[in-house]
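Structural overview
As a plain string of letters, each chain reads:
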Amino acid sequence: QAQLVESGGGLVQPGGSLRLSCAASGTIFSIYHMGWYRQAPGKQRELVARIFTGGSTKYADSVKGRFTIAGDYGKNTVSLQMNSLKTEDTAVYYCNIVTHAGMDYWGTGTLVTVSS
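1. A word on the sheet that holds strand 7 (residues 67-72)
Ordered by their spatial adjacency, four strands build an open sheet running 1-3-8-7, and the pairing between neighbours is antiparallel. Every interior strand has two partners, whereas the edge strands, strand 1 (4-7) and strand 7, have only one. Within this sheet the neighbouring strands show an average axis-to-axis angle of 15°, counted without direction. Two strands pair when backbone bridges link them, and strand 3 (residues 18-24) and strand 8 (residues 77-82) are joined in this way by six bridges, in the antiparallel orientation. Each bridged residue has a counterpart across the sheet, and for C22 the counterpart in strand 8 is V78.

Right, dumping it as structure tokens:
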């Protein structure tokens, strides 16, 4: 079974930028959508951004205009460009891929810390 591996997390000052990347270790067929979730300490995991096979996207209201998701369905990769980061963006970010058959893949997470 394919596994997802995230990279690109780290420490950044408020107002800064980071780019997260996610790649599948094996081939995932018939992808329905790819996305990013995050979980801050003491909070539930929430959807940050999602991209569908047709190219349409969905963003959490809190990140609209600051984050951009991009996906390559041929390479099974998805990225998240995060600009104008705020302290409240601090969280563990998880990559997610869902297939048309209902297979649900998750990465192990990458920590993003926004702090001065």
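2. Regarding the state of the cysteines
Throughout this description, disulfide means a covalent bond between two cysteine sulfur atoms. Counting across every chain of the model gives one disulfide. With its sulfur 2.1 Å from that of its partner, C22 forms a disulfide with C95. In this structure the cystine formed by C22 and C95 twists about its S-S bond by roughly -80°; its chirality is therefore left-handed. Within this pair, whereas C22 is found in strand 3, its partner C95 is found in strand 9 (residues 91-99), the two being separated by 73 residues in sequence. Residue class for C95 comes out buried when judged on its relative accessible area of 0%.

3. A few points about the pattern of salt bridges
Across all of its chains, the model carries four salt bridges by this definition. With its nearest N and O atoms 3.0 Å apart, the salt bridge here joins D61 to K64. Residue R66 is joined to D89 by a salt bridge in which the shortest nitrogen-to-oxygen separation is 2.8 Å. Pair noted here: R66 is in the loop between strand 6 (57-59) and strand 7 and D89 is in the loop between strand 8 and strand 9, with a separation of 23 residues, a long-range link. In terms of burial, R66 and D89 fall into one category: buried. Three or more residues are tied together by salt bridges with common partners; here these are R38, E46, R66 and D89.

4. Some details on the environment of A101
Among the secondary structure elements, A101 is positioned in the loop between strand 9 and strand 10 (104-106). When the C-alpha atoms of A101 and Y32 are compared, they prove to be 8.5 Å apart, with 69 residues separating the residues in sequence.

5. Comments concerning the side chain of T99
Counting through the fold element by element, T99 comes out in strand 9. Apart from residues no more than four positions distant in its own chain, T99 is found in contact with I28, F29, S30, I31, Y32 and Y105.

The rules behind the values
- Residues numbered from 1 in each chain as written.
- Predicted model: local features only at pLDDT ≥ 70, side-chain atom pairs only at ≥ 80, totals over all residues.
- Heavy atoms only, no water.
- Pairing = 2+ DSSP bridges.
- Helix = DSSP H or I, 4+ residues; strand = E, 2+ residues; numbered from the N terminus.
- Axes fitted to C-alpha atoms, helices over the stretch in contact; angles between N-to-C directions.
- Disulfide = S-S within 2.5 Å.
- Buried < 20%, exposed > 50% of the residue type's maximum accessible area, 1.4 Å probe, protein only.
- Salt bridge = Lys/Arg side-chain N within 4 Å of Asp/Glu carboxyl O.
- Contact = heavy atoms within 4.5 Å.

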